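Architecture at a glance
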Amino acid sequence: DPTPEEAQFGAIIAADGRIEPRDWMPDAYRRTLVRQISQHAHSEIIGMQPEANWITRAPSLKRKAILMAKVQDEAGHGLYLYSAAQTLGTTRDDMMNALIAGKARYSSIFNYPTPTWADMGAIGWLVDGAAICNQVPLCRASYGPYGRAMVRICKEESFHQRQGFEILLELMRGTPAQQRMAQDAVDRWYWPSLQMFGPPDDQSPNSAQSMEWNIKRFTNDELRQRFVGMLVPQAEVLGVTLPDPELRFDEASGRYVMSEIDWTEFNEVLAGRGPMNAERLKRRRDAHEDGAWVREAAAAYATKRAAERRA
Ligand code: FAQ
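Residues numbered from 1 in each chain as written. Predicted model: local features only at pLDDT ≥ 70, side-chain atom pairs only at ≥ 80, totals over all residues. Heavy atoms only, no water.

A short note on the site of the ligand
In the vicinity of the ligand, 35 residues are found, and the nearest of them are Q39, S108, S204, K216 and N220. Taking R35, its side chain carries an N or O atom lying 3.0 Å from an oxygen atom of the ligand. One of the side-chain N or O atoms of S204 is found 2.7 Å from an oxygen atom in the ligand. When isolated, the ligand has an accessible area of 1100 Å², and the protein chains bury 90% of it. When contributions to the shell around the ligand are tallied by element, the ones reaching two or more residues are α2 (27–46), α4 (61–86), α6 (118–135), α7 (144–172) and α11 (263–270). The element that contributes the greatest number of residues to the shell around the ligand is α2, accounting for 6 residues. Partitioned by chemical class, the residues of the shell around the ligand number 12 nonpolar, 14 polar and 9 charged. (Near = heavy atom within 4 Å. Polar contact = N/O pair within 3.5 Å; in protein donor to acceptor, adjacent residues only side chain to side chain. Areas by Shrake-Rupley, 256 points an atom, 1.4 Å probe, with all protein chains shown as cover. Helix = DSSP H or I, 4+ residues; strand = E, 2+ residues; numbered from the N terminus. Nonpolar A, V, L, I, M, F, W, Y, C, P; charged D, E, K, R; others polar.)

Topic: the confidence of the model for the protein
In this model, the protein carries a mean pLDDT of 97, and residues with pLDDT of at least 70 account for 100%. Overall fold confidence (pTM) sits at 0.96, and the ipTM for the predicted complex is 0.98. (pLDDT = per-residue confidence, 0-100.)

Considering the packing of α2 against α4
Close contact between α2 and α4 brings their axes to 8 Å; oriented N to C, the two are set at 160 degrees. Considering the angle they form, α2 stands roughly antiparallel to α4. Between α2 and α4 the crossing geometry is left-handed. Residues I37, H40, A41, H42, E44 and I45 of α2 touch α4, and the partners they reach there are E74, A75, H77, G78, L81, Y82, A84 and A85. For the contact of α2 with α4, a count of residues per class yields 8 nonpolar, 4 polar and 2 charged. (Axes fitted to C-alpha atoms, helices over the stretch in contact; angles between N-to-C directions. Parallel < 35°, antiparallel > 145°, perpendicular 65-115°, else oblique. Left-handed = near helix turned anticlockwise from the far one by under 90°. Contact = heavy atoms within 4.5 Å.)

Following this line, the structure appears as structure tokens:
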């Protein structure tokens, strides 16, 4: 028989209610949330790098201001998410140390290079588009602090997606060279953006349990389908081609048929062997070391203020 705590937790989940930090929860539920929320936070923080690469080279002052605001939003998302993970009993230091030691996961998507300005468009359109598709259902995640953080994050992500779409639209209305640059960026980001949703359902060890706990609301493949359905009409408006000759909507099954995703590439990236894994981690580690004096100064100041208050 369940203990009274287990029964109460089960009743909250069954009623689609919210679990709050002080509520009893199974250890495995807590561990799953720490895993997912910390990985999500790390993704936002590492995800600043591919776009930060273009801040000094944005083609106009307006584009530069927009890009800076977007990258700052990502820092903010990382901070809300670290805070949400902390409510589960983990510390910011532990999470940050795991990241810089190369022991923590973050999204595969941020291990690809950004060689052209069109990559800023493709990241906004495809990467933020995939992020929204995955994250809107997470606004209803059963863990209160995670679901609430997601509401604001999703509002900002939809602005990010629109700005990416608009960059690509302007390039597609430009010269043939600009059109080629936009298409090339879409060709490079399309498949990695489909991989963001995670492995196929029959190879996703965490999905079933996370759905029972109302953390995930849809499976990886369901969200991937939904994302492709969102992209097809938008690609038409843009005038870009999605780089999958097999892609078509199958009326009978109500699903998109697509080519096999390259899961070998995905697994290589997860194993740390993607095109930019080493560089992303090194940059994060250097930034952490360069910021050591700021943390020391802030701690010294806090100690001094506390002593003054006691006096
Ligand atoms: N990359 O059993 P599942 C953004 C791992 S958006 C790396 O299916 P689960 C915004 C997975 O962790 C990106 N690893 O796992 C932005 C697990 O490994 P583990 C971040 C991946 O958790 C835009 C294993 O494979 N968004 O940052 C990936 O049920 C532009 C088995 O997988 C989120 O994190 C992957 N793509 O489902 C920022 C959303 N996929 O932990 C800057 C929240 C799977 O057992 C610029 N997270 N793995 O060692 C989620 O919704 C879920 O965690 C999934 C994975 C759907 C990512």
